[in-house]
Amino acid sequence: MSNEPDEMRTMAVKLQQITPNAVVEKVVALGDDEIDELSEAAEKAIIDGNGFGWLKVPPRRVLESYWRGVLLMPQRDLFVARLDGAIVGSAQLLRPPPNNEAQAHSATLTTFFIAPWARGHGLARGLVKVVEDTAREAGFRQIDLDFRATQTAAIQLCEQAGYKRWGTKPRYAFVDGAYVDGYFYTKALISE
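Being a predicted model, the structure only gives us computed values, none of them experimental. (Residues numbered from 1 in each chain as written. Predicted model: local features only at pLDDT ≥ 70, side-chain atom pairs only at ≥ 80, totals over all residues. Heavy atoms only, no water.)

## Brief notes about the overall build of the protein
Along the backbone of the protein there are 5 helices and 8 strands. Moving toward the C terminus, one meets the helices and strands of the protein in the order α-β-β-α-α-β-β-β-α-β-α-β-β. The C-alpha radius of gyration of the protein comes to 16 Å, within 12% of the 16 Å expected for a compact globule of 192 residues. Principal-axis analysis of the C-alpha atoms places the extent of the protein at approximately 50 × 40 × 35 Å. Counting the 192 residues in the protein, one finds 43% classified as buried. At a minimum sequence separation of 6, the contacts of the protein that also span at least 24 residues come to 58%. Across the protein, the 22 positively charged side chains and the 25 negatively charged ones have centroids separated by 6 Å. (Helix = DSSP H or I, 4+ residues; strand = E, 2+ residues; numbered from the N terminus. Rg over C-alpha atoms; globule rule 2.2 N^0.38 Å. Buried < 20%, exposed > 50% of the residue type's maximum accessible area, 1.4 Å probe, protein only. Contact = heavy atoms within 4.5 Å. Lys, Arg positive; Asp, Glu negative; His and termini not counted. Charge placed at Lys NZ, Arg CZ, Asp CG, Glu CD.)

## Observations concerning the environment of Glu 159
Residue placement: Glu 159 occurs in helix H5 (residues 152–160). Considering only alpha carbons, one finds Glu 159 and Phe 140, 19 residues apart in sequence, at a separation of 20 Å. Apart from residues lying up to four places away in sequence, Glu 159 is in contact with Arg 165 and Tyr 185.

## Thoughts on the confidence of the model for the protein
Chain-level pLDDT for the protein is 89 on average; 91% of the residues reach the 70-or-more range. For the stretch residues 1–9, pLDDT sits under 50, and the model shows 11 contacts to residues farther than four places along the chain or on other chains. (pLDDT = per-residue confidence, 0-100.)

## Considerations on the packing of helix H2 (residues 32–47) against helix H3 (residues 60–72)
A pair of packed helices can be characterised by two numbers: the angle between their axes and the separation between those axes. Orientation of H2 relative to H3, taken along the N-to-C sense of each, is 115°, at an axis distance of 9 Å. The two elements H2 and H3 meet at a crossing, and its hand is right-handed. Here Asp 32, Ile 35, Asp 36, Leu 38, Ser 39, Glu 40, Ala 42 and Glu 43 of H2 lie close against H3, whose contacting residues are Arg 60, Leu 63, Glu 64, Trp 67, Arg 68 and Leu 71. (Axes fitted to C-alpha atoms, helices over the stretch in contact; angles between N-to-C directions. Left-handed = near helix turned anticlockwise from the far one by under 90°.)

Here it is as structure tokens:
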């Protein structure tokens, strides 16, 4: 572990300033304090029902291990949203595996959330835009994503950003003793 402050070890590759106090960036490394902030934001999103698959907050060490693992995966790009310098949300760009040549044109936007207390600053829209721009620059022609039907704010945001719903999967998730449908979306990144 380096003795440098966490801020110095963060390696931002792509940055988008939303407002003077709101920034979205692609990162390739995070310090311990930043992993803690990201885990805290994820915990709040999970409690709010937007936990990218988690329904109950896992132990902190599980969340921290999850984020450290994401940074090691070559098929994933991690993007974080910062408000007043603190990490308050994230999204990931998932690239198809190299053996999937038939779907090499399409990437997936996943693990997309903003902590409830940090919403309303344009960070969710900023995350979507930076992920889309990164996918487009990497040569992807389309981007896909999916949500539980109950994630209405995220659904509204993505529909406003031009995503088109192409399908519904009944029994997509099981939440609080009931099945929830899933909605599948896609967006063309280049005009053909």
